[in-house]
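Commentary on secondary and tertiary structure
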Amino acid sequence: MPKPLMPSWLPSFNKVVTNRIQGVYAPYLPPLAVIVHRGRRTGREYRTPVTAFRSGGRLIVGLPYGRDTDWVRNLLAEGRGGVERLGRLHRIAGPHVLTGAETGGLPAPVRWAARYMDVLVAEIED
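Residues numbered from 1 in each chain as written. Predicted model: local features only at pLDDT ≥ 70, side-chain atom pairs only at ≥ 80, totals over all residues. Heavy atoms only, no water.

- Naming follows an unreviewed UniProt entry, where the protein appears as Nitroreductase family deazaflavin-dependent oxidoreductase of Actinomadura bangladeshensis.

Here it is as structure tokens:
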């Protein structure tokens, strides 16, 4: 598994400060998007801004903080969620995390990015 690219304090800062600011414009400004997911314990709905790309019927999200972030674990545990892109909410299903060695069938930029971080892939259900 690739080592996360960010310093250890950055995820906490982003969760408290940056995500709240990005959450306002991320649903409308590609390649940003908002992942909508339910808490594993609370059942509460959360919204997390991410950088996401669409490749056919798949959503691809880079994981610079690794696969152990709350939103990734929530999405994997639920097996479904949503993504808000370009002002529209889409359902996503079947999320799974790929490492660089497993990205052979994905577009070249995704394979390149996966050398440095894991990627989350989910099917978009329109």
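1. Considering the overall build of the protein
- Along the protein, the regular secondary structure elements total three helices and six strands.
- Listing each helix as α and each strand as β along the protein from the N terminus yields α-β-β-β-α-β-β-α-β.
- Computed over its C-alpha atoms, the radius of gyration of the protein comes to 14 Å, within 12% of the 14 Å expected for a compact globule of 126 residues.
- Principal-axis analysis of the C-alpha atoms places the extent of the protein at approximately 35 × 35 × 30 Å.
- The burial tally for the protein puts 38% of its 126 residues in the buried class.
- Considering only contacts within the protein whose residues lie at least 6 apart along the sequence, 58% involve residues at least 24 apart. (Helix = DSSP H or I, 4+ residues; strand = E, 2+ residues; numbered from the N terminus. Rg over C-alpha atoms; globule rule 2.2 N^0.38 Å. Buried < 20%, exposed > 50% of the residue type's maximum accessible area, 1.4 Å probe, protein only. Contact = heavy atoms within 4.5 Å.)

2. Some words on the side chain of serine 55
- Relative to the elements of secondary structure, serine 55 occurs in strand S2 (residues 45-55).
- Take serine 55: its relative accessible area is 17%, and that puts it in the buried class.
- Once you skip the residues sitting within four places of it in the chain, serine 55 turns out to touch Ile60 and Pro107.

3. Some points on helix H2 (residues 70-78)
- Of all the positions in H2, only Trp71, Val72, Asn74 and Leu75 are classed as buried. Along H2, the residues classed as buried sweep out an arc of 165° about the axis, all on the same side.
- Buried-residue contacts for H2 involve strand S1 (32-38), S2, strand S3 (58-63), strand S4 (80-85), strand S5 (88-98) and strand S6 (118-125).
- Looking one or two residues beyond H2, the residue adopting positive phi is glycine 79, at roughly 80°. (Arc of directions from axis to C-beta.)

4. Some details on the pattern of salt bridges
- Scanning all chains against the criterion turns up seven salt bridges.
- With a closest N to O distance of 3.5 Å, arginine 73 and aspartate 70 form a salt bridge. Here aspartate 70 and arginine 73 lie together in helix H2, a separation of three residues that amounts to about one turn.
- Classification of arginine 73 as partly exposed rests on a relative accessible area of 35%.
- Aspartate 70 sits in the partly exposed class, given a relative accessible area of 35%.
- Members of the salt-bridge network, linked through shared partners, are Lys15, Arg40, Asp70 and Arg73. (Salt bridge = Lys/Arg side-chain N within 4 Å of Asp/Glu carboxyl O.)

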